[in-house]
Amino acid sequence: MGSPCHCDLSAVWEGGMHPDLPALLELQELDQKIARLRSELAQLPAAKRRLEAELEEARQKLQHAKHQEQAALLLRRQKEGEIEELRRRLTRYQAQQMQARKNEEYQALSHEIALVNAEVEREEDAVLLLLEKADLLKAEVKEEEEKAERAARTVQQKRKELGDRESRLTALLADAEGGREKKKADVNPGLLARYERLVQGHRENAVVPVVHGSCGGCHMKVTRQTLLRAEAGTELAFCENCGRILFVAA
């Protein structure tokens, strides 16, 4: 596919352009503008989805941090409850030990008391670690909250920018489409039909200059007869290879 053809119509007219072609070239420029505007508009939904995904990611990270903080708090409270239960058990064992009359019973209770004390110590160490972790998790939550707030502000601003861009592009597209409808009336009907068939055949440039004896669209050499016809401008000239409409620029 060739690059868009932006031509100085006064220059090509001096070169002997067929009188039906200036209006068609203007129509082609409008079609290319319409295609660009539609392409830009078509990209906006994806841009909006990316914005929402960024915001959702920030929210998810914040929720995860809060969940981690809550989970650590619940675990700490659970362990604190277990420590209280161990201490109550320890108090019972110590009371029973005071009332023990047999050495075997006293020794058995001493063993249980030692086990409970060791378990209390382990649980208290775990609680201390959880307290340290709570400080880290609290800081992480604060950081993720700030990130989520920044993301929300950024997304809100970008939403507005995208909305403004969409409105501007839509207005430009409506103007270009209106201009196209008016310009169609200036084009020879038979030539317009051929042009539209070429456009529907996915040829971005249906009207192209001859460049160094070659079609400006497919870049294949044209015949001498076709070149002379394009140079004279008295008859329409077409590329034998791709069918594009040809002209010779001054």
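Cut-offs used in this document
- Residues numbered from 1 in each chain as written.
- Predicted model: local features only at pLDDT ≥ 70, side-chain atom pairs only at ≥ 80, totals over all residues.
- Heavy atoms only, no water.
- Axes fitted to C-alpha atoms, helices over the stretch in contact; angles between N-to-C directions.
- Helix = DSSP H or I, 4+ residues; strand = E, 2+ residues; numbered from the N terminus.
- Left-handed = near helix turned anticlockwise from the far one by under 90°.
- Contact = heavy atoms within 4.5 Å.
- Nonpolar A, V, L, I, M, F, W, Y, C, P; charged D, E, K, R; others polar.
- pLDDT = per-residue confidence, 0-100.
- Pairing = 2+ DSSP bridges.
- Buried < 20%, exposed > 50% of the residue type's maximum accessible area, 1.4 Å probe, protein only.
- Arc of directions from axis to C-beta.
- Phe/Tyr/Trp six-rings, centres within 6.5 Å; stacked < 30°, edge-to-face > 60°.
- Lys NZ or Arg CZ within 6 Å of the ring centre and 35° of its normal.
- Expected span 1.5 Å × (residues − 1).
- Polar contact = N/O pair within 3.5 Å; in protein donor to acceptor, adjacent residues only side chain to side chain.

What follows is about the packing of helix α2 (residues 21–99) against helix α4 (residues 189–200). Running from amino to carboxyl end, α2 crosses α4 at an angle of 35°, the nearest separation of the two axes being 11 Å. Note on packing geometry: the crossing formed by α2 with α4 is right-handed. Contacts between α2 and α4 pair Leu21, Leu24, Leu27, Gln28 and Asp31 from the former with Leu191, Leu192 and Tyr195 from the latter. Its residues placed into classes, the contact of α2 with α4 shows six nonpolar, one polar and one charged.

Another aspect to go through is the confidence of the model for the protein chain. Close inspection of predicted coordinates is inappropriate in any region flagged by low pLDDT. Looking at the protein chain, pLDDT values average 92 and 93% of them are 70 or higher. Of all secondary-structure elements in the protein chain, the lowest mean pLDDT belongs to helix α1 (residues 9–14), at 43, while strand β3 (residues 237–238) reaches the highest, 97.

Hydrogen bonds between backbone groups are what pair the strands of a sheet, and the pairing can be parallel or antiparallel. With mixed pairing, the four strands of this open sheet are ordered in space as β2-β1-β4-β3. Each edge of the open sheet is held by one strand with a lone partner, namely β2 (214–215) and β3. The sheet contact formed by strand β1 (residues 207–211) and β2 spans two bridges and is antiparallel. The residue bridging Val210 from the neighbouring strand is Cys215, located in β2. Relative to strand β4 (residues 245–247), α2 is tilted by about 115°, and along the sheet it contacts β1 and β4.

The next subject is helix α5 (residues 224–232). Buried residues of α5: Thr226, Leu227 and Ala230, and no others. Take α5 and look down its axis: the buried residues cluster within an arc of 100°, on one side only. Set apart from the buried face of α5 by more than 90 degrees, the exposed residues are Arg224 and Gln225. The inward-facing, buried residues of α5 contact β1, β3 and β4. Of the residues flanking the end of α5, it is Gly233, one or two places downstream, whose phi is positive at about 75°.

What follows deals with the pairing of β1. Of all five residues making up β1, four are buried, and the element is well covered by its neighbours. The turn linking β1 back onto β2 is made up of two residues, and His212 within it adopts a positive phi angle of 50°.

Tallying each qualifying case throughout the model produces zero aromatic pairs. The ring of Phe238 has Arg194 sitting right over it, with the charged end atom 3.6 Å from the ring centre.

Another aspect to go through is α4. When the terminal C-alpha atoms of α4 are compared, their 16 Å separation across twelve residues agrees well with the 16 Å that a helix rising 1.5 Å per residue should span. Taken together, the buried positions of α4 are occupied by Leu191, Leu192, Tyr195 and Leu198. Projection of α4 onto a plane perpendicular to its axis shows the buried side chains occupying an angular sector of 120°, all on one side. Exposed residues pointing more than 90 degrees away from the buried face of α4 are listed as Pro189, Arg197 and Gln200. Buried residues in α4 make contact with α2, α3 (103–184), β1 and β4. If you check the start of α4, you find a side-chain oxygen 2.9 Å away from the backbone N of Gly190, and it comes from Asn188. Positive phi appears at His202, one or two residues downstream of α4, with a value of about 65°.

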